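Listed below are the residues making up each chain.
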Amino acid sequence: MKRSILIGGEAGRGVDRTAALIAEIFSDCGYFCFVYRDYGSFIKGGHNFSVVTISSEPVFSHEDEFDLIIALDNSALEKHVESLKPSGKVFLNSDEKQSAENVISVAADGFAADKKVGRSFGNNIFIGAVLGCFGLDWRRGFKAIGGRFSAGDAAVVKEALRLGHETWRGESFGFEPKSQKLKISTGNQAAAKACVEAGLDLCFAYPITPATGFVDALSQSGKVTVHQPEDEIAAVNQTLGAVFSGAMAATATSGEGAALMAESFSLAAMAEIPFVLYWASRLGPSTGVPTYSGQGDLKFALNIGHGEFPRVVVAPGDANESYSRTMEAFYFAYKYRLPVVILTDKNLAESYYNFEALPSLLRPGKFLVKPKAGYKSYAFTENGISPRLAPGQGPIVRATSYEHDECGLTVEDPETIEAMSEKRWRKAKFLEKEIAKLHPCRLYGKGKNLIVGWGSTKGAVIDALKRLPGYSFLQISYVAPFPAREVEKIISKAKRTILLENNSTGLLGRIIREETGIEIKEKLLKNNGRPFTAEEIAKRLQNRYA
Amino acid sequence: MPITWCPGCPNNVILYVLKSVLKELVDAKKIRKQDIVVVTDIGCAGKIYDYLEVNAFYGLHGRAIPIATGIKMGNPGLTVIAVAGDGGTYGEGLNHLVSSSRLNPDITVIVINNGVLALTKGQPTSTHPSIGGEPIFDPVPLALASQASFVSRETAFDLRDLQSTVKAAIMHKGFSLVDIFEPCLSYNNDGERMKRDTERVCGKDIQSDFEESLRPKIRTGVFRKMSRPTLEQKLRLSKKKS
């Protein structure tokens, strides 16, 4: 059982909220959901839409065709009616009876006017109608989402759901509530949850789509102090200052903001200050298409910051991984005193997935030591990790952008320069060993034809595998340090290898070639801001290799 | 560490003043030595990082203020002092001066203002009495307009005034700016003019009289000292136990 709903309307009309509430209800009733959000740069007006996919099987991507269209205005209907399945229905925001048989009027605006509530409130009637259409009792729907509203509002929502449910008179899709309950989360929310659990004290961030949702989630947690400074440069430097003084801090941005942070990324490496950068890409170059997605920042994330130094770049593939990889990011940054990038993109950051916070094997923490006489901020150690002390406890603590000796004092002599650089790189060996235990890459399926990808494309590929017998999928999550041996082993066993990325040149392919010598010639690339769908992947592969 | 400023550099005076003020405050139990953190820019001003036996952060060009702000927010129990040059504070990182003045983190910003980017061999900054005759940038009215709660200027010639102002700035609860005029013996050796043109207007809050600041004289003194909640207080950040 799998059904797909498109909700479309102007910005500011509650498209996103309505989609999320529907997904929340069906998840609460035990169905798997995925919500794709498509919106432009508007506050009011324009046309936004969300696609909710509801299934009895796990689902990680959206569909191209819809069983239901919820049109908050006529323009939504006009724009999407071509993608309506032949048996599909339309719920149109209207008081008038419709001539087309498959278009059902839902008087959402009328309801909102009657109740003297905001227009978006009328959207709850559509939710009621969806429940009717799917065969779920409206009371069950209310049980799932009622808690989201104040007592006064909840009464209005209740009535809207009931009225909406009555508008559906046909045969239902037969979705009975199940005993299991599922949760939903965006990639941003899942990463923020991990930050809270890791013990984050402070987040310094300048607003930018699509990272803002992450910062908002931190703020809403009530457990993290969020500060908005004057720009990304201040954000990153304040982060490093706060970590130096003993707090757990992070910053978040997108590619454009990361460009401004580049100098301080290198500072974090040289000063060996634990640094976690949550980096949610949008479509570049430059301003690009700010509310759409792309995987064009991969090489930038791998190379950001001048000079040479060890770093971690980890790319989660869904909301569960956003959570677990963020936990790992904090662990590695603080344990190894180095910069870590969590590289995600708009598709993962802002889509809703079913979510479960799986317990992490690693325990993130500040990795601070107790004060001791003779403390040296950059002491040489066997694994290159100098014990980290916060200032204020007696021993002098130093951090420096300049090359330095063990005490952190400035040096320019060749022996110390060499020794310090070697010390920083020594950490990398130990880091790689620990990362190797965390599935830095993972193989899905057993087919001899291998799709290779990373990040948010995972969902559509996993969904596509069901239609592609003979295919398997290699997801690479740690891009730095790169799991070269494992990747080489898996690719060399494949009959045919296809690189799949949301960018125009196949950046991961170039990294694989650099790290393993293997050149993947077959590429399935898409760089128009929109994610792959499972159907599209299946069709394009089947057409190519029919 | 051996001092590597040019022989006779007035930075030595500023170093001496900072050391003596910190010692005095520590001896008087006004602050604890272990809580002092000095954040520096790079260049000649940055070298002070190596000459002080306190916690220190050698930052980036123009970024001493945000690093200091972050340190204070990470642990409000620390006494945070940024030491930077005019190139970093009034050029590369000017944005941070405006924002931190407004937001009022309890940090002290000491600017060694000699009109040149000295370590790169003397290129002029915005405070240089310039070759082309462009007007000189005056940070004092900007800091006042940005609502900094403590704004001052001294020179490296007047030891006693400099000492008392640096002390007052460190003890001030909130953002404090101490702009220190000095010549650069190698690239802007203008000491005689500085001495001649200096006019002390201490104690005069020129908030209501910006005209004053546009005069060709180098006015010194504390131009504003007012009390208002700090950024850390507003965000209810608490001291780390130690």
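The structure displayed is predicted, hence computed values, not measured ones.

Participant: Quick one: what's the story with the packing of aromatic side chains, residue by residue and with numbers?
Facilitator: Within the structure shown, the criterion is met by 25 aromatic pairs over all chains. An angle of 85° between the planes, with centres 6.3 Å apart, marks the rings of Phe332(A) and Tyr478(A) as edge-to-face. Within this pair, whereas Phe332(A) is found in helix 12 (residues 319-336), its partner Tyr478(A) is found in strand 19 (residues 478-480), the two being separated by 146 residues in sequence. Take Tyr478(A): its relative accessible area is 0%, and that puts it in the buried class. When the ring of Tyr49(B) is compared with that of Tyr58(B), the centres are 5.0 Å apart and the planes differ by 65°; the resulting orientation is edge-to-face. With a relative accessible area of 4%, Tyr58(B) lands in the buried category. Put simply, the rings of Phe26(A), Tyr31(A), Phe134(A), Phe173(A) and Phe175(A) touch in pairs and so form one group of aromatic residues. The cationic tip of Lys433(A) hangs over the ring face of Phe430(A); the distance from NZ or CZ to the ring centre is 5.8 Å. Seen from the ring of Phe157(B), Lys195(B) lies directly overhead, with NZ or CZ sitting 5.1 Å from the centre.

Participant: Outline the nonpolar core, listing residues and values.
Facilitator: Among the nonpolar cores identified, the biggest contains 153 residues, and Phe332(A) and Val39(B) are the most heavily contacted of them. Leaving out residues up to four positions away in the same chain, Phe332(A) has contacts with Arg337(A), Leu338(A), Val340(A), Leu362(A), Leu431(A), Glu434(A), Ile435(A), Leu438(A) and Tyr478(A). Formed by 49 residues, the second largest nonpolar core is a distinct cluster that contains Phe121(A), Ile127(A), Ile145(A) and Phe175(A).

Participant: Go over helix 10 (residues 255-271) of chain A, please, and point to the residues and values.
Facilitator: Residues and elements named next belong to chain A. The terminal C-alpha atoms of helix 10 lie 23 Å apart, and with 17 residues this matches the ideal 24 Å at 1.5 Å per residue to within 8%. Its maximal kink placed at Met 261, helix 10 deviates by approximately 55°. Here helix 10 lies mainly inside the structure; 13 of its 17 residues are buried. Backbone geometry just downstream of helix 10 places Glu 272 in the positive-phi region, at approximately 55°.

Participant: Describe the pairing of strand 2 (residues 55-58) of chain B, and please don't skip the residues or the numbers.
Facilitator: Burial along strand 2 of chain B is two-sided: the residues Asn55(B) and Phe57(B) and Ala56(B) and Tyr58(B) are all buried. Sheet analysis places strand 15 (residues 398-400) of chain A next to strand 2 of chain B, joined by three bridges and oriented parallel. Counterpart to Ala399(A) in the pairing with strand 2 of chain B is Phe57(B). Across four bridges, the pairing between strand 1 (residues 36-40) of chain B and strand 2 of chain B is parallel. Within the sheet, the bridge partner assigned to Thr40(B) lies in strand 2 of chain B and is Tyr58(B).

Participant: Let's hear about the pattern of salt bridges: which residues, and what values?
Facilitator: Residues and elements named next belong to chain A. Summed over the entire model, instances satisfying the criterion amount to 44 salt bridges over all chains. Put simply, Arg 119 and Asp 109 hold a salt bridge, and the shortest N to O gap is 3.7 Å. Taken together, the positions of Arg 119 in the loop between helix 3 (108-115) and helix 4 (123-134) and Asp 109 in helix 3 put the pair 10 residues apart, joining distant regions of the chain. The exposure class assigned to Asp 109 is partly exposed, which follows from its relative accessible area of 28%.

Participant: Tell me what's going on with the domain arrangement of chain A, and back it up with residues and numbers.
Facilitator: Residues and elements named next belong to chain A. For chain A, the domain assignment lists domain 1 (2-167), domain 2 (185-355) and domain 3 (441-544). Spacing between the C-alpha centres of domain 2 and domain 3 amounts to 25 Å. With 25 residues of domain 2 at the contact, the number on the domain 3 side is 26 residues. Buried surface at the junction of domain 2 and domain 3, both sides included, amounts to about 2100 Å², of which 55% is carbon and sulfur. Where domain 2 touches domain 3, the interface holds three salt bridges. Linking Asp 318 and Lys 458 is a salt bridge whose minimum nitrogen-to-oxygen distance equals 2.9 Å. Where domain 2 touches domain 3, the interface holds 13 residue pairs in polar contact (both at pLDDT 80 or more). Where the side of domain 2 that touches domain 3 is concerned, the elements lending two or more residues are helix 11 (298-303), strand 12 (312-314), helix 12, strand 13 (339-345) and helix 13 (346-350). Counting residues per element, the side of domain 2 that touches domain 3 draws most heavily on helix 12, at four residues. Considering only residue class, the side of domain 2 that touches domain 3 consists of 12 nonpolar, six polar and seven charged.

Criteria and thresholds
Residues numbered from 1 in each chain as written. Chains lettered and ligands numbered in written order. Predicted model: local features only at pLDDT ≥ 70, side-chain atom pairs only at ≥ 80, totals over all residues. Heavy atoms only, no water. Phe/Tyr/Trp six-rings, centres within 6.5 Å; stacked < 30°, edge-to-face > 60°. Helix = DSSP H or I, 4+ residues; strand = E, 2+ residues; numbered from the N terminus. Buried < 20%, exposed > 50% of the residue type's maximum accessible area, 1.4 Å probe, protein only. Lys NZ or Arg CZ within 6 Å of the ring centre and 35° of its normal. Core = buried A, V, L, I, M, F, W, Y, C linked by side-chain atoms within 4.5 Å. Contact = heavy atoms within 4.5 Å. Expected span 1.5 Å × (residues − 1). Bend = angle between axes of the 7 residues up to and from the residue. Pairing = 2+ DSSP bridges. Salt bridge = Lys/Arg side-chain N within 4 Å of Asp/Glu carboxyl O. Domains from an automatic or database assignment. Buried area = accessible area lost by both parts, 1.4 Å probe. Polar contact = N/O pair within 3.5 Å; in protein donor to acceptor, adjacent residues only side chain to side chain. Nonpolar A, V, L, I, M, F, W, Y, C, P; charged D, E, K, R; others polar.

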